[in-house]
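# Architecture at a glance
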Amino acid sequence: MTKQGTAQMSLDDDFDRPFEDVEPLQWGALRELCHANSEYFVSHQDENSIRIRAALMAILDHLVQLQPLYKEISRIAPMFDLDAETPGNGYRSFLVLIDKCIIHSRSVCHQIYCQKDSLFFRKSYYMREIEACSQLLASLCTCLEHLQTLYSWSEHLSDGKPSLFIGDSHNPHEILSKVDSINQYCFYGRCLGFQFYDNLKPILKTIMVCMATFSEAFYSNGTLLARCANSVKYMLDPEIRARRIVDVSQRADISFCQAFWFLNEADLTRRLPAITAPSLAINQIISIPPEELTLPTLSGSTVSIPIPNSHIGKKPIHVRLFSSKRRLGMVGSGGVGGELHGLSNELIIHCHGGGFVAQTSLSHETYLRSWAINLGIPILSIDYSLAPEAPFPRALEEVLYAYAWALNHASTLLGSTAQKILFAGDSAGANLNLGVTLKCLQLNIRKPDGIFMAYTPVLVDFVLSPSRLLCLTDPLLPMGFLLRCLKAYAADCFKSESESFAEVSESDLIALALSPNGDETNDAHKLASLPSDSTLNSVTLTEVDGTEHLQEEARSQEYVNKFFGLYRNCGTNASTHIGNGTISTENNISKNDKSWSFFGWSLSGRHKESKELDIENAKSSMEEFIFTVPRDPYLSPYLAADHLLAQLPPVKMLTLELDPCLDDSVMFARKLRSLGVLITLDILPGLPHGFLNLTPVSKEASEGSDLCVKRLQELLTL
């Protein structure tokens, strides 16, 4: 967090840590308002008044209970910071949640105080509002008690500071088994988004309404009429919406997570960047068939780069090239008018986030367009295969292979001399970039010249830290979703890789690259196929903004269209996006079966098997998440040997004050700094995990994206 941002937060919130003898002004203001409102309603005996007063008294009790907990966490939190200039860790994050909750509760109490005598005072409305505040404060108080337990389990590291990660001597289930005691509904109802910037609150509410409504289309519980009625209630009733979101986050399977996260690649949203963002000269999809690649090593020999083969066999890898300028030797430049620029000396290799299970470069196009324009250099974004069909290490293999391909073809196809190469990524994508960098060190090939990583998990394991408990409060990354992504990507990698895959001939590979949807040969669905060292196939697709028609990205769009059919046709048989492979279909339903259903009612007379969300009989969420994750440094870069981490290039890290992955970034930054790696860490307030995808609708998110560009520019000048 910048000093300016810290000062601004302190000024706005009137919180002055540490909490010693004088309580913060906002605490005192809330206490006075609670007493004043309670005295007013003591003479009112209607049910709403009685409940308002009970909630006010509960808030006062919670403040008394919170005070010693807040003091204790305030005392220990600075021990875990990277340094005095970069305050931030999961302990501090929960103090921020308390601060924001008190501000929100004070605002509600102030509204009650000012309007209680008005003829238009909606007593039932404010009764629910103040009860929600009381429940929120109670839940956060329970969270602070759990933080005390985590602190008692912390161990000191070689840098002299205690670890934010809980060691193997303590079982995370000891804490997670108590999660059910926390009322999670209060985080998704009337107080939704209380911890984030004000302009993000209506956006988050819209997303949560969409999630709840989409779950009604995805799952076929109940009758058509009941599900339609529920969808309307989610917009109008915060309590009903909260119950549905918690049920979905705890019980929905990974296919729901994939389907919902892929909605931002639907027809309407995928056209948003072309409307809101500046146009690019080149926005080109490239398909790289799996052929043998060799690279020179740093010792002067050559090494063969393994062709990705795990789990789903050899398949083309899709990448997307972004460039604001038409450049010499850049694929797609032949179909674009305007000035032809020389080769760029730099190249950015980008990997998108999505929990290893969802999204593509198309999902992240909004901010990548802005980056390409502001930086003025080519960006190559890799669409790696997704779990659970392609768990670890498939995506890592593909990113390494695509990086090697880019090194071999930078000047002939990507418009760059690649004198300087940066890795950039967010969340899961940044994790993959770190893994590939470690692979470069292992293979003794050229490593990137710098790494930019945003809100990155570096310890992909069932390990607790204070910030990871923020998933209990996070609307975009709830605990159930996080654990399902972990299980799909890391736990399922134990599946046998000895499955036999049919050998694919060279001609079949070319045909597959040209027609990624099987028999579909429509030109609008073809990709530019660029083999590693053989002749360029002259079938091009150039998405040139403002000059050529917009093409569909075959795989992701087919996937999303089928799920958007859940709204239009409300079908419930979901297909699953695999990324660089195929489209698989739930329950082995034939792809040739054109039958669709209307909330589970077949339109063709054939009733398909539909999914239901088992809320009543579902086993405990903790029982479901008992699984083993391999301790592999390519999966969890934090576990890599010190002598390898010490060889990393300069690293610029950006994370968020309220991000479940905050502690990952802090711990990794501490480790790299102790090993002599040049690192910087930015911690931004008020933004959620994945904020880069919100840049078109949030000024603060856009400013965060601008900071990313600044850090990339700094890496380019090193």
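Please read these numbers as outputs of a predicted model, since none were measured by experiment.

## Comments concerning the packing of aromatic side chains
- Considering all chains together, one arrives at 23 aromatic pairs under this definition.
- Their ring planes at 5° and their centres at 5.3 Å tell us that F121 and Y126 sit as a pair that is stacked. Of the two residues examined, F121 and Y126, each falls in the buried class.
- Between F218 and F256, the ring centres sit 5.4 Å apart and the planes meet at 75°, which makes this aromatic pair edge-to-face. A residue pair is termed long-range when its members are at least 10 positions apart, and F218 in helix α7 (residues 201-218) and F256 in helix α10 (residues 254-261) qualify at 38 residues. As far as the burial class goes, F218 and F256 line up, both buried.
- Put simply, the rings of F214, F218, Y219, F256, F260, W261 and F481 pair up and form one aromatic cluster.
- Above the face of the Y125 ring, R122 is positioned so that its terminal group lies 4.3 Å from the ring centre.
- Between the NZ or CZ atom of K439 and the centre of the ring of Y634, over which it lies, the distance is 4.2 Å.

## Quick look at unusual backbone geometry
- Cis geometry marks the peptide bond from A387 to P388; its omega dihedral reads 5°.
- Inspection of the secondary structure puts P388 in the loop between β6 (379-383) and α14 (394-413).
- For A418, which is not glycine, the phi dihedral falls at a positive 60°.
- Here the phi dihedral of Y455 falls at roughly 30°; this positive angle occurs in a residue that is not glycine.

## A word on the environment of L715
- Here L715 is to be found in helix α22 (residues 699-717).
- In this structure L715 comes out as buried when scored by relative accessible area, which is 1%.
- For the pair L715 and I451, spaced 264 residues apart in sequence, the C-alpha separation works out to 7.8 Å.
- Once residues within four sequence positions are removed from consideration, L715 is found in contact with K420, L422, G450, I451, F452, P650 and K652.

## Points about the nonpolar core
- With 208 residues, the main nonpolar core has I130, F256, I305, W371 and F668 as its most contacted residues.
- Considering every element that reaches this core, the biggest residue donor is helix α5 (residues 123-153), with 14 residues.
- Split by domain, the residues of this core number at least three in each of domain 1 (23-174) and domain 2 (277-463 + 634-699).
- Here I305 is in contact with L293, L295, L400, Y401, A404, L443 and I445, once residues within four sequence places are set aside.

## Description of the pattern of salt bridges
- Taken as a whole, this structure holds 21 salt bridges when the rule is applied.
- Across the pair K699 and E703 runs a salt bridge whose closest N-O atoms are separated by 3.4 Å. Residue K699 and its partner E703 are both found in helix α22; the two are separated by 4 residues, about one turn of the helix.
- Residue E703 is classed as partly exposed on the basis of its relative accessible area, which comes to 44%.
- Through salt bridges with shared partners, one network takes in K652, D682, R711 and E714.

## Description of the side chain of E131
- Topologically, E131 is positioned in helix α5.
- Look at E131 and you get buried, because its relative accessible area is 18%.
- If near-sequence neighbours (up to four positions away) are discounted, E131 is found in contact with R51 and A55.

## Some points on the packing of helix α8 (residues 224-236) against helix α9 (residues 238-251)
- Here α8 crosses α9 at 115°, and the two axes come no closer than 6 Å. Accordingly, the angle class assigned to the pair α8 and α9 is roughly perpendicular. Judged by the twist between their axes, the crossing of α8 over α9 is left-handed. Residues K233, Y234 and L236 of α8 lie in contact with α9, whose contacting residues are P238, I240, R241 and R244.
- Looking at the contact of α8 with α9 residue by residue, the classes come out as 4 nonpolar, no polar and 3 charged.

## Digging into the pairing of strand β2 (residues 293-296)
- On β2, burial follows the alternation: L293 and L295 on one face are buried, whereas T294 and P296 on the facing-out side are not.
- Here β2 pairs with strand β3 (residues 302-305) via 4 bridges, running antiparallel. Across the sheet, L293 pairs through a bridge with I305, a residue of β3.
- Counted between consecutive antiparallel strands, the loop separating β2 from β3 contains 5 residues, among which G300 sits at a positive phi close to 100°.

Reading guide: rules and limits
Residues numbered from 1 in each chain as written. Predicted model: local features only at pLDDT ≥ 70, side-chain atom pairs only at ≥ 80, totals over all residues. Heavy atoms only, no water. Phe/Tyr/Trp six-rings, centres within 6.5 Å; stacked < 30°, edge-to-face > 60°. Buried < 20%, exposed > 50% of the residue type's maximum accessible area, 1.4 Å probe, protein only. Helix = DSSP H or I, 4+ residues; strand = E, 2+ residues; numbered from the N terminus. Lys NZ or Arg CZ within 6 Å of the ring centre and 35° of its normal. Contact = heavy atoms within 4.5 Å. Core = buried A, V, L, I, M, F, W, Y, C linked by side-chain atoms within 4.5 Å. Domains from an automatic or database assignment. Salt bridge = Lys/Arg side-chain N within 4 Å of Asp/Glu carboxyl O. Axes fitted to C-alpha atoms, helices over the stretch in contact; angles between N-to-C directions. Parallel < 35°, antiparallel > 145°, perpendicular 65-115°, else oblique. Left-handed = near helix turned anticlockwise from the far one by under 90°. Nonpolar A, V, L, I, M, F, W, Y, C, P; charged D, E, K, R; others polar. Pairing = 2+ DSSP bridges.

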